[in-house]
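Results of the structural survey
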Amino acid sequence: MTVLDTELRPAEPSRAIVFWRRYRRNRAALLGLFIFAIVVLMALTAGFVDPGDPLRRAGDPLTAPFVDMSVPLGTDQLGRDILSGLFYGARISLLVGVVATLVAIAIGVIIGALAGYFGGWVDDVLMRVTEAFQTIPNFVLLLTLVAILGSKIEWITLAIGIVSWTAPARMVRAEFMSLRNREFVDAARNLGVSNTSLIFREILPNALPPIIVYASVIMALSILLESALAFLGLGDPNYASWGNMIGQGRAVLRTAWYCAAIPGIAIVLTVLSFSLLGEGLNDALNPRQKQ
Amino acid sequence: MSDQSPILEIRDLKIALPEGSDRPFALDGLNLTVKPGEIVCMVGESGSGKSLSAGAIMRLLPEPHVHVAGGSISFLGDDILAKTDREMKQIRGNRISMIFQEPMTALNPQKTVGWQIDEVLKLHMEGNRAARRKHAIEMLNRVHIPDPESAYNAYPHQISGGQRQRVMIAMALSLSPKLVIADEPTTALDVTTQLQILKLIRELQQEDGAGVLFITHDFGVVAEIADHVIVLRQGEVVEQGAADQVLNHPQHPYTQALIASVPDLAPPPPKPVSTLPVVLKGTGLKKTFAAKGGLLSGKRKAVTAVKDLSFELHQGETLGVVGESGSGKTTVSRLVTRLLEADAGAVDVDGKDLLACSPSELRGMRKHIQMVFQDPMASLNPRKRVVDLIAQGPIVHGEDPEKARARARELLELVELSPAAANRFPHEFSGGQRQRIGIARALAMEPKVIVADEPVSALDVSVQAQVLKLLADLRDRMNLSLLFVTHDLRVAAQLCDCIIVMQKGEIVEAGVTAEVFADPKHPYTRNLLSSIPGRHWTPPVRNTDAA
């Protein structure tokens, strides 16, 4: 006898559990998550580890690491504590990474969604603007913006967001172009759903997974951009940032290599963790994978 | 014929699936014999393991995840499973060949037809280029391709779907294989083309005396072509025997149920409809797809999808729109729901012209005309729970969300789904269940008209029968008016009171279904009706309830 097709399959575990199971399978991604957690922890505990200003003098200038236990990772040429610089720098790096990424993704999603959803002349205009941005090298544009806006940390973050939105915009546009012709969009439109709801409630959630994965790449790039700015001495001098530390350590690179190397390692590890995190997210959000 | 030694003999074949699949074996204990000059049909619904058996014979299983776990396959007395890869290469294409379902994807779009046939010939045939070319053109001639010389130099996209399948057949038969495996070769084709291809396969196979293993889900096709039938369910053979025996005297209850699910060709008795009010009226609808040219590429020719179409749908009536692909029937369903903008014409829903509405009026009007879509997976937003999917429409139209969700749960019961389904996501359901959800979503708006665009074409035949029964049931109980778009005349015969037959964007015939089927006036309609696979076969008396 034919089985009635109305019998339900057993319920599947919730999305979050499936997500975690898939993520967990990638060892490297777990390592990425671990390093990321440490960086977050450093940012959160900076105030406890070293209350006070990380830019104040904490010991003799150019103390080597592991010599004086009050400054375990040594000091730079102005006697500033490198360890506390690392902790406070984590705040700046995360702040820049997260906020600049949000700015870039927000601009990218809006422009990409409008271009992909409406097509036609809207698409033409928005894509020409995007191309105009893409033709200017990122870092040159960033330098120009910082020169105009000034080097306060807020402006730097915004400027990094503004130079990074083109790639997500193109990605969102491609996703929207393929999703807008799917039947479920027609189905929702046929229910009388408005364009705004169609874009943000129907299509966008389905377009998100690749965007989330790409966000981790932007985050890594933002941190690098901020460090590069600081290295050139264009960072915000009022904050301890890893890029600032490397920039100043450069002057004493031959005599006290650790001044530049320690924050350099921090940047490498953080960027690596984002990249691994992105890979894990890709695995976990890719629907072709089994749970 | 019976004393000839078999070409293919499969004994107790078992194919193991990877751990964690829904069952341990894709195929469990398959026995089958193909004799020279015989067409063996393997029938089953999706997931029955029929395509994997073809993979096993060709030794093309996705090993090691899916592998042969037991049994034997012998081809002309040789054990296929013991062959090395090198030996298999000599057999594939040369002595066993395969015809695939989708001729567009099975052919390389970058190469000419001739190049692709030549590639097969180069591997297995002696002789120089000119000889191979001669042979290839001869093969194209044998599959009745008009002007084989020019087809030889054509790219796959330059010839029609039916011709592509002919090319595939020419390729498959060019080396006179002993065994041809045809995996749903006509599923992607229109009925009239399907019939021609079936005839062609029959004809060529009789000339060459090859054995054919024909995989299909369609009992109509089985009735058309099979000598011997094997019915598979979930990897197990439930019944096999001579075609006549299985089709007309099925023994196993599953076979009986499957055959009972094949929609009957007898249309329903005509209803006295003309007195009822008209709920949906299309007048002079027209749609041309202007192929947009780029700045530099110049304009391409515009395609007229629908020209001057008019129809009336009365309260409580089902109007079928039938035609082959490219006839514009799907465009009609999008025009009357205004998912596509028509170039000219009017669609009156309940006395108001939908096409003249402003965007905000249109959103209000949408609740009167709802749609059930073809692909039940694609038409449900994968990120939403079922209850929200069904309640979405009423909420958009200002219903209280709590009430709308309560109503959604009632609707689930109406379409015979457990209320437990409400909090799940669409991917957790089977195709038929998803289509039920789609129907519930359309019903939630309490529409005056439901437009159904091929709502059962993506479903297995037994599920199809259940969904059709549900639709017919709901229509009668709730006095719904349906505009039913389909390519399947059997389905149309089951459900539609009146039909419109479309060809190339125009109505060639319209009328009460029973009359059109009994006495088709237009040659195109006659051609369509005479192409229905298995039209001479009347399924045996239904002693089991299909649903």
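Residues numbered from 1 in each chain as written. Chains lettered and ligands numbered in written order. Predicted model: local features only at pLDDT ≥ 70, side-chain atom pairs only at ≥ 80, totals over all residues. Heavy atoms only, no water.

Regarding the overall build of chain B
Just so we agree on the cut-off: Only DSSP runs of H or I with at least four residues qualify as helices, and only runs of E with at least two residues qualify as strands; both kinds are numbered from the N terminus onward. Atoms considered for the radius of gyration are the C-alpha atoms alone. The globule rule reads 2.2 Å times the number of residues to the power 0.38. Note that accessible areas follow from Shrake-Rupley with a 1.4 Å probe, and for residues the cover is restricted to the protein chains shown.
Per the secondary structure count, chain B includes 20 helices and 20 strands. The C-alpha radius of gyration computed for chain B amounts to 25 Å, which stays within 12% of the reference 24 Å derived for 547 residues, consistent with globular compactness. Each of the three principal axes of chain B carries a C-alpha extent, and together these read 70 × 55 × 45 Å. About 23000 Å² of surface is accessible on chain B, with carbon and sulfur atoms providing 50% of the total.

Some remarks on the overall build of chain A
Heads up, the rule is: Classification of residues uses two cut-offs on accessible area relative to the type maximum, computed with a 1.4 Å probe and protein chains only: under 20% is buried, over 50% is exposed, and between them is partly exposed. The contact criterion used throughout is that any non-hydrogen atoms of two residues lie within 4.5 Å. This count recognises Lys and Arg as positive and Asp and Glu as negative, with His and chain-terminal groups excluded. Where a charge lies is defined by one atom per residue type, namely NZ (Lys), CZ (Arg), CG (Asp) and CD (Glu).
What chain A contains, in helices and strands, is 11 helices and 0 strands. Shown N-terminal to C-terminal, the secondary structure of chain A runs as helices and strands in the order α-α-α-α-α-α-α-α-α-α-α. Projecting the C-alpha coordinates of chain A onto the three principal axes gives extents of approximately 85 × 50 × 30 Å. Taking all 291 residues of chain A together, 48% fall into the buried category. The contacts in chain A between residues at least 6 apart in sequence include a share of 72% that link residues at least 24 apart. With the model as given, the accessible surface of chain A reaches about 14000 Å², and the carbon-plus-sulfur share is 67%. Averaging the coordinates of the 23 positive side-chain charges in chain A and doing the same for the 21 negative ones gives two points 4 Å apart.

Regarding the interface of chain A and chain B
Test applied: Buried area is calculated as the accessible area (1.4 Å probe) missing from two parts once they are joined, with the contributions of both summed. We define a salt bridge as a contact between a side-chain nitrogen of Lys or Arg and a carboxyl oxygen of Asp or Glu at a distance within 4 Å. Any pair of N or O atoms that falls within 3.5 Å is considered a polar contact. Within protein, one atom must be able to donate a hydrogen and the other to accept it, and sequence-neighbouring residues count only if both atoms are side-chain atoms. Each residue gets one label: Ala, Val, Leu, Ile, Met, Phe, Trp, Tyr, Cys and Pro are nonpolar, Asp, Glu, Lys and Arg are charged, and the others, such as Gly, are polar.
Of the residues lining the interface, 30 residues belong to chain A; the matching set on chain B comes to 48 residues. Summing the contributions of chain A and of chain B, the shared interface buries around 3500 Å²; its carbon and sulfur component is 48%. Linking B:Lys384 and A:Glu202 is a salt bridge whose minimum nitrogen-to-oxygen distance equals 2.7 Å. Linking chain A with chain B are 10 residue pairs in polar contact (both at pLDDT 80 or more), by the criterion used here. Those elements giving two or more residues to the side of chain A that touches chain B turn out to be α8 (183–190) and α9 (195–231) of chain A. Looking at the side of chain A that touches chain B residue by residue, the class counts come to 13 nonpolar, 6 polar and 11 charged.

Looking at the domain arrangement of chain B
Residue and element names in this part refer to chain B. Going by this rule: Throughout the structure description, domain borders are defined by an automatic or database domain assignment.
Examined at the domain level, chain B breaks down into domain 1 (1–95 + 206–262) and domain 2 (278–287 + 304–530). With centres defined by C-alpha atoms, the gap from domain 1 to domain 2 works out at 37 Å. Between domain 1 and domain 2, the contact holds 6 residues from the first and 6 residues from the second. Summed over the three residues of domain 1 that lose the most area to domain 2, namely Glu45, Ser261 and Val262, the buried surface amounts to 65% of that side. Put simply, domain 1 and domain 2 have 0 salt bridges between them. In this assembly, domain 1 and domain 2 are joined by 1 residue pair in polar contact (both at pLDDT 80 or more). Across the side of domain 1 that touches domain 2, the residue classes tally to 2 nonpolar, 3 polar and 1 charged.

Concerning the sheet that holds strand β5 (residues 78–79) of chain B
Across a sheet, paired strands are connected by hydrogen bonds in the backbone, their directions being either parallel or antiparallel. All names here are of chain B. Operational definition: Two strands make a pair as long as DSSP finds a minimum of two bridges between them.
Sheet architecture is open: 4 strands sit in the order β2-β1-β4-β5, paired in antiparallel fashion. The sheet is open, and its two edges are formed by β2 (25–34) and β5, each paired on a single side. For strand β1 (residues 8–16) and strand β4 (residues 67–75), the ladder comprises 7 bridges, and the chain directions are antiparallel. Counterpart to lysine 14 in the pairing with β4 is glycine 70.

Topic: the nonpolar core
Residues and elements named next belong to chain B. Here is the rule we go by: Here, nonpolar core means buried Ala, Val, Leu, Ile, Met, Phe, Trp, Tyr and Cys residues that are tied together by side-chain atoms lying within 4.5 Å of each other.
By size, the foremost hydrophobic cluster in this structure holds 54 residues, and its most contacted members are Ile169, Phe214 and Phe219. Counting residues per element, this core draws most heavily on helix α7 (residues 161–173), which supplies 7 residues. Contacts of phenylalanine 219, omitting those with residues within four sequence positions, involve Val43, Leu247, Leu258, Ile259, Val262 and Trp537. Judged by nonpolar contacts, the second largest core, of 52 residues, contains Val387, Ile450, Leu474 and Cys496.

Observations concerning the environment of B:Phe219
When you line up the elements, B:Phe219 lands in helix α9 (residues 219–225). In this structure, the C-alpha to C-alpha distance between B:Phe219 and B:Arg366, residues 147 residues apart in sequence, is 39 Å.

Topic: helix α10 (residues 242–249) of chain A
In an α-helix, one full turn covers 3.6 residues, which means residues spaced three or four apart are oriented alike. For α10(A), a buried count of 7 out of 8 residues is recorded, marking the element as mostly surrounded by other parts of the structure. Those residues of α10(A) hidden inside the fold are in contact with α2 (27–49), α3 (82–118), α9 and α11 (258–285) of chain A.

Quick look at the sheet that holds strand β19 (residues 498–503) of chain B
Residue and element names in this part refer to chain B. Keep this limit in mind: Under this scheme, a helix contributes an axis fitted over its contacting stretch, all axes are lines through C-alpha atoms, and angles between N-to-C directions fall in the 0 to 180 degree range.
Taken together, the 6 strands give an open sheet; going across it, the order is β16-β17-β18-β13-β19-β20, and neighbouring strands pair in mixed fashion. The sheet is open, and its two borders are formed by β16 (369–372) and β20 (506–512), each paired with just one other strand. Sheet twist, expressed as the mean angle between neighbouring strand axes with direction ignored, is 20°. Note that strand β13 (residues 318–322) and β19 share 4 bridges and pair parallel. Each bridged residue has a counterpart across the sheet, and for valine 321 the counterpart in β19 is isoleucine 500. Each of β16 and β17 (449–453) touches helix α16 (residues 431–444); the most contacted strand, β16, lies at about 175° to it.

Some details on the packing of aromatic side chains
Which entries qualify depends on this criterion: In this analysis, rings of Phe, Tyr and Trp, with Trp reduced to its six-membered ring, are considered paired at centre separations within 6.5 Å, and the interplanar angle assigns stacked below 30 degrees, edge-to-face beyond 60, and tilted for intermediate values. We call a charge positioned over a ring when the NZ of a Lys or the CZ of an Arg lies within 6 Å of the ring centre and within 35 degrees of the ring normal.
Tallying each qualifying case throughout the model produces 6 aromatic pairs over all chains. The interplanar angle of 65° and the centroid separation of 5.1 Å between the aromatic rings of A:Phe133 and A:Trp165 together place this pair among those described as edge-to-face. Of the two residues, A:Phe133 sits in helix α4 (residues 120–135) while A:Trp165 sits in the loop between α6 (153–163) and α7 (166–179), which places them 32 residues apart along the sequence. For A:Phe133, a relative accessible area of 29% puts it in the partly exposed group. Ring centres 6.0 Å apart and planes at 80° place the aromatic pair A:Trp257 and A:Tyr258 in the edge-to-face group. Classification of A:Trp257 as exposed rests on a relative accessible area of 54%. Using a relative accessible area of 7% as the deciding quantity, one classes A:Tyr258 as buried. Looking at A:Arg250, its charged tip hangs above the ring of A:Phe231, at a distance of 4.9 Å from the centre. Geometry around B:Trp115 places B:Lys111 over its ring, the cationic atom sitting 4.6 Å from the centre.

Focus: the packing of α3(A) against α6(A)
Residues and elements named next belong to chain A. Stated formally: Under this scheme an angle from 65 to 115 degrees is roughly perpendicular, one under 35 degrees roughly parallel, and one over 145 degrees roughly antiparallel; angles in between are oblique. Handedness of a crossing is defined here by the sense of rotation of the near helix relative to the far one, left-handed for an anticlockwise turn of less than a right angle and right-handed for a clockwise turn.
Relative orientation of the contacting elements α3 and α6 amounts to 45°, with a least axis distance of 8 Å. What the angle tells us is that α3 and α6 run oblique. Crossing of α3 over α6 shows right-handed handedness. Here α3 contributes Ile92, Leu95, Val96, Val99, Ala100, Val103 and Ala104 to the contact with α6, which in turn contributes Ile153, Thr157, Leu158, Ile160, Gly161 and Ile162. When grouped by side-chain class, the residues that make up the contact of α3 with α6 number 11 nonpolar, 2 polar and no charged.

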